[in-house]
Amino acid sequence: MKPLIYSFTYIILIFLILSSCAEKEEIINPTIDEQEKFIGDVSFSLTLDNGTDERAELSFESFNDSQEINNSTIGKGQLIDYLYLMALDSKNNPIDFTVSDKNGEYTCHKDSKIIEIRKPFTSSDGVYRLVIPFYAETDKVIFWAQCGKAKTLTQDMPALFDLSSLPVVGIDYKSALNNDESRDAFCAVYTRKHDGYLGVEEIVLQRPFAQVNLGSVLDDFEGAKTDLNLYISETRMEVSGVANRYDLVTGACYFIDDDYFNESTDYPISFEQTPIFSSPNDYLYYLMGSSGSPAEGDTSATPEDTGKLVYEKSRWISMSYFLPLGSKMISSTVNLRFTLAGIRKEKDMEVPYSNILELKNVPVKHNNQTNIVGWIISTKPKIYVQLSPDFNKDSSEFFDPE
């Protein structure tokens, strides 16, 4: 009898041991599977490209609303204080991901799959450092940096940028204002390397927008006051050939016909009239040539590489950012109409004054400045048009305005 009891006891013990192993295996397997999906951490160093050697010296801290916006801040990215990130799989579908920086860890929104980080570029060198864990399905990371003012405006005025359909960004021109630096933004896309390398990636975010500037040379601007009693105080800009959708992955720029976007008009988008920059030192510098040889408006090539570059000052009276149609990598042309508004002083009266300046086939390109400068108020217009790649005025090209 005892041998039989021992046999049953032995069988039960074996069964319990096997059951325990099965339970342990059931717990371990998912963890192993999850670890197999993890590839490694990728460290990123992000900077904003403002096209000048000053980039490394800027702190990019949140802009003080009371500080005057002038030529020392325009086009320098100093209003940028929000960063948005999204991870994509190989089919460009948003996926879950996390981000870590010196302040802690961020998890993407469960629905939008977006991570929002406020005031990222606050280090003394203007570099934002972060770490993103990459898994087998992680293929790309997109970055979009903008001004907080563009995020939430008023009840009657929507946000300037619609990120609800990332990786496609919507650009809202409804009630767009001229001379508005908050319409600036920067972006980049990182595509995972499939050679096994995981290390530190240096990412420079660039503007998807073109910036168009209008400047009145000092003799023209001041001469209008002394000779004609004309005082220009506000400007408006209208433009054709503008996109309102930007695909960060493909670089495609196109428009979708919204209620306010009327392609049947000559100038479907308008940047409404606003005051010009108030500081008397708001100069728009433009390249005249080198070695004392001014580059005239019909010059088709950039100045010689040798010799000192010669710049002249103009009074900066209009600035706008917009998204050109077509691919991010190619230049295009637009038609522009500027309204110059102010007063004319006649004896003891101040009479409202406005004048229209129209230009056809003006060259524009993403992350480029188009500077239009010349005698535009006091005399028959004489204008120079320059396209400055990457906002670098030292490599400007000259074009003939029509």
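Structural data are supplied above this passage.
Residues numbered from 1 in each chain as written. Predicted model: local features only at pLDDT ≥ 70, side-chain atom pairs only at ≥ 80, totals over all residues. Heavy atoms only, no water.

## Looking at the overall build of the chain
Here is step 1: Within the chain one finds two helices and 27 strands.
Here is step 2: Taking all 402 residues of the chain together, 47% fall into the buried category.
Here is step 3: Within the chain, residue pairs in contact and separated by at least 24 positions form 72% of the contacts whose partners lie at least 6 positions apart.
Here is step 4: Surface exposure of the chain reaches about 20,300 Å², of which carbon and sulfur atoms provide 50%. (Helix = DSSP H or I, 4+ residues; strand = E, 2+ residues; numbered from the N terminus. Buried < 20%, exposed > 50% of the residue type's maximum accessible area, 1.4 Å probe, protein only. Contact = heavy atoms within 4.5 Å. Areas by Shrake-Rupley, 256 points an atom, 1.4 Å probe, with all protein chains shown as cover.)

## A closer look at unusual backbone geometry
Here is step 1: Geometrically, the link from Leu166 to Pro167 is a cis peptide bond, its omega value of 15° lying close to zero.
Here is step 2: Within the secondary structure, Pro167 is located in the loop between strand 9 (161-162) and strand 10 (168-171).
Here is step 3: One non-glycine residue with positive phi stands out, namely Lys113, at about 65°.
Here is step 4: When you line up the elements, Lys113 lands in the loop between strand 5 (104-107) and strand 6 (115-118).
Here is step 5: Residue classification places Lys113 among the buried residues on the basis of a relative accessible area of 18%.
Here is step 6: Even without being glycine, Asn229 reaches a positive phi, approximately 60°.

## Some thoughts on the side chain of Asp139
Here is step 1: Structurally, Asp139 is set in the loop between strand 7 (128-135) and strand 8 (140-147).
Here is step 2: Taking the relative accessible area as the measure of exposure, Asp139 reaches 10% and is therefore buried.
Here is step 3: Within the structure, Asp139 has its side chain in polar contact with the side chain of Lys140 (distance 2.7 Å).
Here is step 4: Discounting chain neighbours no more than four positions away, the residues touching Asp139 are Leu88, Asp89, Ser90, Tyr190, Thr191, Arg192 and His194. (Polar contact = N/O pair within 3.5 Å; in protein donor to acceptor, adjacent residues only side chain to side chain.)

## A look at the sheet that holds strand 14 (residues 230-239)
Here is step 1: Sheet architecture is open: four strands sit in the order 18-14-23-24, paired in antiparallel fashion. Both outer strands of the open sheet, strand 18 (269-275) and strand 24 (349-364), are each paired with one neighbouring strand and no more. Strand-to-strand twist across the sheet, computed as the mean angle between neighbouring axes with direction ignored, equals 20°.
Here is step 2: Those strands touched by helix 2 (residues 218-228) are strand 14 and strand 23 (332-346), and its axis lies near 130° from that of strand 14. (Pairing = 2+ DSSP bridges. Axes fitted to C-alpha atoms, helices over the stretch in contact; angles between N-to-C directions.)

## A word on the side chain of Asn371
Here is step 1: Relative to the helices and strands, Asn371 resides in strand 25 (residues 368-375).
Here is step 2: Classification of Asn371 by relative accessible area gives buried; the value is 3%.
Here is step 3: Engagement of the side chain of Asn371 in a polar contact is seen with the side chain of Asn213, the distance being 2.9 Å.

## Thoughts on the sheet that holds strand 10
The strands making up a sheet are joined through hydrogen bonds of the backbone, oriented either antiparallel or parallel.
Here is step 1: Within the open sheet, the five strands sit side by side as 9-10-16-17-22. Their pairing is antiparallel. Since the sheet does not close on itself, it has two edges, and those belong to strand 9 and strand 22 (326-327), each with one partner.
Here is step 2: For strand 17 (residues 252-254) and strand 22, the ladder comprises two bridges, and the chain directions are antiparallel. By the bridge assignment for strand 22, Cys253 is matched with Gly326.

## Observations regarding the environment of Ser233
Here is step 1: Inspection of the secondary structure puts Ser233 in strand 14.
Here is step 2: By relative accessible area, Ser233 is classed as partly exposed at 39%.
Here is step 3: In the structure, Ser233 is positioned 84 residues away from Ile317 in sequence and 8.1 Å away in space, judged by C-alpha atoms.
Here is step 4: For Ser233, the residues in contact, after removing those within four places along its chain, are Thr274, Pro275, Ile276, Ala341 and Gly342.

## Let's talk about the pattern of salt bridges
Here is step 1: Within this structure, the stated rule accounts for eight salt bridges.
Here is step 2: A salt bridge links Lys140 to Asp139, with the nearest nitrogen and oxygen atoms 2.7 Å apart.
Here is step 3: The partner of Arg236 in a salt bridge is Glu272, with the nearest N and O atoms 3.3 Å apart. Of this pair, Arg236 sits in strand 14 while Glu272 sits in strand 18; the two residues are 36 residues apart in sequence, bridging distant segments of the chain.
Here is step 4: Judged by relative accessible area, Glu272 falls into the partly exposed class, the value being 31%.
Here is step 5: Linked through salt bridges whose partners overlap, the residues forming this network are Arg236, Glu238, Glu272 and Arg337. (Salt bridge = Lys/Arg side-chain N within 4 Å of Asp/Glu carboxyl O.)

## Regarding the pairing of strand 1 (residues 38-48)
Here is step 1: Pairing of strand 1 with strand 7, which is carried by eight bridges, proceeds in the antiparallel orientation. Bridge assignment links Phe44 to a residue of strand 7, and that residue is Leu130.
Here is step 2: As defined by bridge partners, strand 1 adjoins strand 12 (residues 200-205) across six bridges and the pair is classed as parallel. By the bridge assignment for strand 12, Leu46 is matched with Ile203.

## Examining the pairing of strand 25
Here is step 1: For strand 25, the buried fraction is high: seven of the eight residues fall into the buried class.
Here is step 2: Of the strand pairs in this sheet, strand 13 (residues 210-217) and strand 25 are connected by six bridges, and their pairing is parallel. When the bridges of strand 25 are listed, Gly215 appears paired with Val373.
Here is step 3: Where strand 25 lies against strand 26 (residues 382-389), eight bridges are found, and the strand directions are antiparallel. Of the residues in strand 26, the one forming a bridge with Asn371 is Gln386.
Here is step 4: The hairpin turn running from strand 25 into strand 26, its antiparallel successor, is six residues long.

## Notes on the nonpolar core
Here is step 1: If you look at the biggest cluster of nonpolar residues, it comprises 62 residues, and the most contacted ones within it are Trp144, Phe161, Phe322, Phe338 and Ile372.
Here is step 2: The residues contacting Ile372, other than those within four sequence positions of it, are Val212, Asn213, Leu214, Gly215, Leu336, Phe338, Leu359, Val362, Ile383, Tyr384 and Val385.
Here is step 3: Grouped together as the second largest cluster of nonpolar side chains are 27 residues, Phe97, Cys108, Ile132 and Tyr190 included. (Core = buried A, V, L, I, M, F, W, Y, C linked by side-chain atoms within 4.5 Å.)

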